[in-house]
Amino acid sequence: MNLQEADMHFIHTYNRSVIFEKGEGMYLFDNEGNKYLDMGAGIAVSALGYSNDENKQALKDKLIHVSNLYFTEPSIKAAEYLSKASGMDKVFFTNSGTEAIEGAIKLARKYAYNKDKNSKGEIIAMNHSFHGRSMGALSVTGTKHYREPF
């Protein structure tokens, strides 16, 4: 796998420059064998380090998470499969439901804007729904007591 192959299946949300393949201790290694000190720990999701013997046995030497700032071979393959299965050109992986809602709102608004630059678009949500705590997610949350104060 290379960066050009990865770019074919991902919406450009980050300037990614590396495909991580494995980790050991506090280091990550890319698909070309380069070693990096992991200063982000998957944006604090995987702050346990890599290849601890107990964790290794449980996880079978797989990277479980790196930030969306980077590619991994499994994420590239997943994006390719999802693109093919959905008939869509590209995918957008998120770290949370709120981020997924924010991304969906932004994509919907961009779509409306591209069709008509004067359009403000319209977002429809179900009654009694909850989409997250961010401002965008709250704006389309169908549960009044979550939405109204904001």
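A.B. asks: Please set out the overall build of the protein chain residue by residue, giving values where relevant.
C.D. replies: Check the secondary structure of the protein chain and you find seven helices and four strands. When the helices and strands of the protein chain are placed in sequence order, the string is α-β-β-β-α-α-β-α-α-α-α. Its C-alpha atoms give the protein chain a radius of gyration of 19 Å, clearly above 15 Å, the size a compact globule of 150 residues would have. Along the three orthogonal principal directions, the C-alpha set of the protein chain runs to about 50 × 35 × 25 Å.

A.B. asks: So what's going on with helix α4 (residues 73-86)? Residues and values would help.
C.D. replies: Taking 1.5 Å per residue as the helical rise, α4 with its 14 residues ought to reach 20 Å, and the 20 Å between its terminal C-alpha atoms agrees with that figure. Looking only at α4, the buried set comprises Ser75, Ile76, Ala79 and Ser83. Axial view of α4: buried residues confined to an arc of 100 degrees, hence all on one face. When the buried face of α4 is taken as reference, the exposed residues oriented beyond 90 degrees from it are Pro74, Tyr81, Lys84 and Ala85. Check the buried side of α4 and you find it contacts α1 (3-7), β1 (19-24) and β4 (71-72). Backbone geometry just after α4 places glycine 87 at a positive phi near 80 degrees.

What counts as what
- Residues numbered from 1 in each chain as written.
- Predicted model: local features only at pLDDT ≥ 70, side-chain atom pairs only at ≥ 80, totals over all residues.
- Heavy atoms only, no water.
- Helix = DSSP H or I, 4+ residues; strand = E, 2+ residues; numbered from the N terminus.
- Rg over C-alpha atoms; globule rule 2.2 N^0.38 Å.
- Expected span 1.5 Å × (residues − 1).
- Buried < 20%, exposed > 50% of the residue type's maximum accessible area, 1.4 Å probe, protein only.
- Arc of directions from axis to C-beta.
- Contact = heavy atoms within 4.5 Å.

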